[in-house]
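Residues per chain, in single letters:
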Amino acid sequence: MRYLSTRGSTSSSRDSAGPTFTEILLGGLAPDGGLYLPESYPQVDAAELDQWRRLSYADLAFAVLAKFIDDIPPADLKALVTRTYAPRVYCNGRSETQASEITPLRWLERPNAARGEGGLAILELSNGPTLAFKDMAMQLLGNLFEYVLARRGEQINILGATSGDTGSSAEYAMRGKAGVHVFMLSPHQRMSAFQRAQMYSLQDENIHNIAVRGTFDDAQDVVKAVSSDHAFKARYKIGAVNSINWARVAAQLVYYFKGYFAATGGNDQRVAFAVPSGNFGNICAGHIARMMGLPIGRLVLATNENDVLDEFFRTGFYRPRATSETHATSSPSMDISKASNFERFVFDLLGRDPAMIRELWAEVDAGHGFDLSGTPYFASLPDFGFVSGSSTHADRLATIRHAFASWGVMVDTHTADGLKVGSELRTPDMPMIVLETALPAKFEATIVEALGRKPQRPAGLQGIEDLPQRVEVIDVDVDAVKQIIERELR
Ligand SMILES: *Cc1c(COP(=O)(O)O)cnc(C)c1O
């Protein structure tokens, strides 16, 4: 399997093949600024789906990923995937037997054909070490990085900024890994006590927490400034693990298959997925699973008040917002102003025309948007299964209350966005599967606001706020970050 860039550089010359999976694993964007995608999507037929239906999560992950990775020997890939998707990593206080499914499906309302009810379910994706679905991909990334770096005798130093979930997920995935250091910037005193404790209590020598006296955007700007110093970047082998990383998208394909099998009795049925969305990484995997032949009838994109993506799917107008226009909401992991993975979907929507992508993203990069309304592309959106909706803080509170009262299920604020929009766009002909992107324990304050009680915390995480913390607090200062990196790698 070779990869190409959505902006065309890697596929421009006919005789030179594009990069392989491990060649794009450690990088971010393609050299031309585009995003990597496979040259074509491997197809899965009915016979193969029948076989896959019976597989454990780890074996299914191997079957799916092997279609995209042909430069890691199968036995090695199998070992990596088996270690990654082990019940003990996803047990979250439950027994390993309970955790054996890795991503259990929980019916809220079972399908009832006689009554014309398609059913409504939650696919649990947040039982990993940091209680958010990002662990599903990041845990694999950690093991892949370690494997590839060891094989090449190389090292990488991951530099990132986090507002909460991504940083902890990356740190838990990379802790103790040979050849990898993580330098993670976070906004000083702007994360929840739980989120701070999750990151700062890690005592591993390869994890470096840096709190910046400023906002998330300030931290992000510092990361960009360090990364744009090319000499420094090369000398200290600075890398990233952001959501455009292809391996993260590939890892997320697996649970669409798993969720489909859990919700259906045979491969002639269709399902809908509702996906709380921010950077379009999660739902992009759903789109690709569908392109591979998984019978996904509908992909429901849910946003919060930051509705740049909902606006596109309703109107055809993609209008990235300025940071100042981005609302701080109670589903903060979806507070984005532009969706970094969206280019991958638009590439497919436009019939994979890199020239057109270059044109549209020249507009985006110049701070404008683009408008596909009135074009055949916009008219073809239903062929891709997409529909969308948005939700507000009041909707989240109402949904959390409704789920608790009706089904005895406590959902977090992001999953509530998905449940709200998914419930509205349900149809009787297929089950609606809402992807759970975090556990309520991560967002205690809003749960208390909605239900007047605190969410349960998984056993191992009780009292983590009281553990000793390792963090260095600095001003918004590019040189200070460089000095820390130099000092720690000496
Ligand atoms: C990252 C995240 C999202 C958004 O996922 P994307 O892949 O960026 O669309 C939603 N919910 C939670 C809890 C997250 O951490």
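Residues numbered from 1 in each chain as written. Predicted model: local features only at pLDDT ≥ 70, side-chain atom pairs only at ≥ 80, totals over all residues. Heavy atoms only, no water.

Caption draft 1: Seen up close, the packing of aromatic side chains. Within this structure, the stated rule accounts for 26 aromatic pairs. Centroid distance Tyr3 to Trp246: 5.8 Å. Interplanar angle 55 degrees. Geometry classified as tilted. One end of the pair, Tyr3, is in strand 1 (residues 3–5); the other, Trp246, is in helix 10 (residues 246–263), and 243 residues separate them in sequence. The two residues Tyr3 and Trp246 agree in class, both being buried. (Phe/Tyr/Trp six-rings, centres within 6.5 Å; stacked < 30°, edge-to-face > 60°. Helix = DSSP H or I, 4+ residues; strand = E, 2+ residues; numbered from the N terminus. Buried < 20%, exposed > 50% of the residue type's maximum accessible area, 1.4 Å probe, protein only.)

Caption draft 2: Just the sheet that holds strand 3 (residues 105–109), in detail. With mixed pairing, six strands are arranged side by side in an open sheet as 3-4-14-9-10-13. In the strand order of this sheet, the two ends are held by strand 3 and strand 13 (386–390), each with one partner. Along the sheet, successive strands turn relative to each other by an average axial angle of 25 degrees, direction set aside. In the sheet, strand 9 (residues 271–276) pairs with strand 10 (residues 296–303) via six bridges, with the strands oriented parallel. In the sheet register, Ala272 faces strand 10, and the bridge partner there is Arg298. Set on the sheet, helix 17 (residues 413–424) makes contact with strand 3, strand 4 (120–124), strand 9, strand 10, strand 13 and strand 14 (432–436); between it and strand 10 the angle comes to about 125 degrees. (Pairing = 2+ DSSP bridges. Axes fitted to C-alpha atoms, helices over the stretch in contact; angles between N-to-C directions. Contact = heavy atoms within 4.5 Å.)

Caption draft 3: Representation of the pairing of strand 7 (residues 207–212) within the structure. Burial analysis of strand 7 places six of its six residues in the buried class, the great majority of the element. Burial along strand 7 is two-sided: Ile207, Asn209 and Ala211 and His208, Ile210 and Val212, pointing in opposite directions, are all buried. Relative to strand 7, strand 6 (residues 180–187) runs parallel, the two being bridged by six bridges. Within the sheet, the bridge partner assigned to Val182 lies in strand 7 and is Ile207.

Caption draft 4: Focus on the packing of helix 3 (residues 57–66) against helix 4 (residues 74–84). Running from amino to carboxyl end, helix 3 crosses helix 4 at an angle of 135 degrees, the nearest separation of the two axes being 9 Å. Between helix 3 and helix 4, the angle is such that the two are oblique. Between helix 3 and helix 4 the crossing geometry is right-handed. Residue-level contacts link Ala58, Asp59, Ala61, Phe62, Leu65 and Ala66 of helix 3 to Pro74, Leu77, Lys78, Val81 and Thr82 of helix 4. Of the residues that constitute the contact of helix 3 with helix 4, the class distribution is eight nonpolar, one polar and two charged. (Parallel < 35°, antiparallel > 145°, perpendicular 65-115°, else oblique. Left-handed = near helix turned anticlockwise from the far one by under 90°. Nonpolar A, V, L, I, M, F, W, Y, C, P; charged D, E, K, R; others polar.)

Caption draft 5: Broad picture of the site of the ligand. Every one of the 15 residues lining the ligand counts as a neighbour, but Lys134, Asp165, Gly278, Asn279 and Asn282 are closest to it. Note that an oxygen atom of the ligand is positioned 2.9 Å from one of the side-chain N or O atoms of Asp165. At 2.9 Å from an oxygen atom of the ligand is found a main-chain nitrogen or oxygen belonging to Asn282. Contact with the protein chains hides 96% of the accessible area of the ligand, taken as 390 Å² for the molecule alone. Looking at the shell around the ligand residue by residue, the class counts come to five nonpolar, eight polar and two charged. (Near = heavy atom within 4 Å. Polar contact = N/O pair within 3.5 Å; in protein donor to acceptor, adjacent residues only side chain to side chain. Areas by Shrake-Rupley, 256 points an atom, 1.4 Å probe, with all protein chains shown as cover.)

Caption draft 6: Spatial organisation of helix 6 (residues 165–174). Among the ten residues in helix 6, nine count as buried, and that is most of the element. At its buried positions, helix 6 is contacted by helix 5 (134–152), strand 5 (156–161), strand 6, helix 7 (193–200) and strand 7. Positive backbone phi, at 75 degrees, marks Gly176, one or two positions downstream of helix 6.

Caption draft 7: Looking closely at the environment of Ser100. Structurally, Ser100 can be placed in the loop between helix 4 and strand 3. Among the residues examined, Ser100 registers a relative accessible area of 41% and is labelled partly exposed. Here the alpha-carbon distance between Ser100 and Arg88, two residues twelve residues apart in the chain, equals 8.4 Å.

Caption draft 8: Molecular detail of the pattern of salt bridges. Throughout the structure, instances matching the rule amount to 28 salt bridges. Lys78 is the salt-bridge partner of Asp59, the closest N and O atoms lying 3.5 Å from each other. Of the two residues, Asp59 is situated in helix 3 and Lys78 in helix 4; the sequence distance between them amounts to 19 residues. Judged by relative accessible area, Asp59 falls into the partly exposed class, the value being 29%. For Arg457, the salt bridge goes to Glu444, with nearest N and O atoms at 3.5 Å. In this pair, Arg457 is assigned in the loop between helix 18 (444–451) and strand 15 (472–474) and Glu444 in helix 18, connecting sequence segments 13 residues apart. Each of Asp307, Glu311, Arg319, Arg321 and Glu325 takes part in a single network of salt bridges with overlapping partners. (Salt bridge = Lys/Arg side-chain N within 4 Å of Asp/Glu carboxyl O.)

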